[in-house]
Amino acid sequence: MDEEHIVGDEDRGSRKRKWGATSRQRQKEIRYDDPDPNLDGFEVSCKHGRNKKLSCKDIPFEDLRRCRQKFYSQKDKVKQHTKLSHLIEIGTPRRKKRSDQSFTRNRSITVHYNVWSSNSKKIICQKMFLKIFGISQKRIQNISRQMKAGSGISENRGGDRRLQKNVEKRKKVKAFIANLKGQESH
Ligand SMILES: [Zn+2]
């Protein structure tokens, strides 16, 4: 550790930045790491019974595990969200009958959850989907909302700090140039 200790003003700035980035990155990795890679705590507990559309009970456990491992192979919020967004299908419900209870509960949006099994996408229920990936309903809601809005997946928490800094820098440069131009015209 002593060898790494560098004294001198020139190095301080860059070293500090490096440290900050590393621990920030590490924090994110921990947050988006898999708490249960082998799905040991997993059990199918769907309450909907047999449903023609849903294949919750027909997907081999190995496939579920593979889906999960693929999802957690990148411990990055945005990359994970992108992966989830590929498995989620958003649609507007067809309202044929007024008596249809499932549509009246959530009129504006229908969401289908898919997982890959035997080289094809299988529709499962939300509960199972959340369990397979060990994610919260809120995370799904955010993704589906973003998908519906067509805004793509964005990083909200903390944001892209490098990007923010660049934008700030650019603004400053622009202001500086504008100032110069103003002076020239005199
Ligand atoms: Zn289910």
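Sequence positions are assigned chain by chain, starting from 1 and proceeding in written order. Predicted model: local features are reported for residues with pLDDT of at least 70 only, side-chain atom pairs are reported and counted for 80 or more only, and whole-chain, interface and lining totals are derived from all residues.

**What about the overall build of the protein?**
Comment: elements are numbered from the N terminus, with helices defined as DSSP H or I runs of at least four residues and strands as E runs of at least two. Each helix and strand counted, the protein has seven helices and three strands in total. Listing the helices and strands of the protein from first to last along the sequence gives α-α-α-β-α-β-β-α-α-α. As a rule, residues whose C-beta atom has 12 or fewer other C-beta atoms within 10 Å are exposed, those with 20 or more are buried, and those in between are partly exposed; C-beta atoms are placed from the backbone. Counting only residues that meet the buried cut, the protein has 9% of its 186 residues in that class. Any two residues are considered in contact once their C-beta atoms, placed from the backbone, lie within 7 Å. In the protein, once contacts between residues fewer than 6 apart in sequence are set aside, the share between residues at least 24 apart is 65%.

**Here we look at helix H6 (residues 137-149)**
Along its 13 residues, H6 runs 18 Å from first to last C-alpha, staying within 8% of the 18 Å computed at 1.5 Å per residue. Phi turns positive, to about 70 degrees, at Gly150, one or two residues after H6. To estimate how far a helix should reach, multiply one less than its number of residues by 1.5 Å.

**Examining the sheet that holds strand E1 (residues 88-91)**
Strands are labelled as partners when DSSP assigns at least two bridges between them. An order of E1-E2-E3 is seen for the three strands of this open sheet, with the pairing classed as antiparallel. With one partner strand each, in any of the chains shown, E1 and strand E3 (120-124) form the two edges of the open sheet. Between one strand axis and the next, the sheet turns through 35 degrees on average, direction left out of account. The convention used is that axes are lines fitted to C-alpha atoms, helices contributing only their stretch in contact, and that angles between N-to-C directions extend from 0 to 180 degrees.

**With respect to unusual backbone geometry**
For Leu39, which is not glycine, the phi torsion reads 55 degrees and is therefore positive. Relative to the elements of secondary structure, Leu39 occurs in the loop between helix H1 (9-31) and helix H2 (61-72). Notably, Ser118 is not glycine yet its phi reads approximately 50 degrees, a positive angle. Exposure remark for Ser118: the 9 C-beta atoms within 10 Å place this residue in the exposed category.

**Some remarks on the nonpolar core**
Cys56, Leu64, Cys67, Phe71, Tyr113, Val115, Ile124, Met128, Phe129, Ile132 and Phe133 form the largest nonpolar core, which has 11 residues in total. Put simply, the parts of the chain that give this core at least two residues each are H2, strand E2 (110-117) and helix H5 (126-133). In terms of residue count, H5 provides more of this core than any other element does, four residues in total. The residues touching Phe129, leaving out its near neighbours within four places in the chain, are Tyr113 and Ile124. What makes a nonpolar core is a set of buried Ala, Val, Leu, Ile, Met, Phe, Trp, Tyr and Cys residues, with links drawn between C-beta atoms within 7 Å.

**Describing the pairing of E2**
Where E1 meets E2, four bridges bridge the pair, whose relative direction is antiparallel. Paired with Ile88 across the two strands is Tyr113, which belongs to E2. Bridge count for E2 against E3 is five bridges, and the pairing is antiparallel. Along E3, the bridge assignment pairs Tyr113 with Ile124. A loop of two residues connects E2 with E3, the two strands running antiparallel in sequence, and Ser118 in this loop sits at a positive phi of about 50 degrees.

**Quick notes on the environment of Val111**
Its location among the elements puts Val111 in strand E2. Its 17 C-beta neighbours within 10 Å are what place Val111 among the partly exposed residues. Spatially, the C-alpha atoms of Val111 and Gln126 are 8.6 Å apart, while their sequence positions differ by 15 residues.

**Some words on H2**
The end-to-end C-alpha distance of H2 is 17 Å, a good match for the 16 Å that 12 residues give at a rise of 1.5 Å each. Turning to H2, its buried residues are Leu64, Cys67, Arg68 and Phe71. On an axial view of H2, the arc spanned by its buried residues comes to 95 degrees, and they lie on one face. The exposed set on the far side of H2, more than 90 degrees from its buried face, consists of Glu62 and Lys70. Buried residues along H2 sit in contact with helix H3 (77-87), E2 and H5. Arc, as used here, means the arc of the directions from the helix axis to the C-beta atoms.

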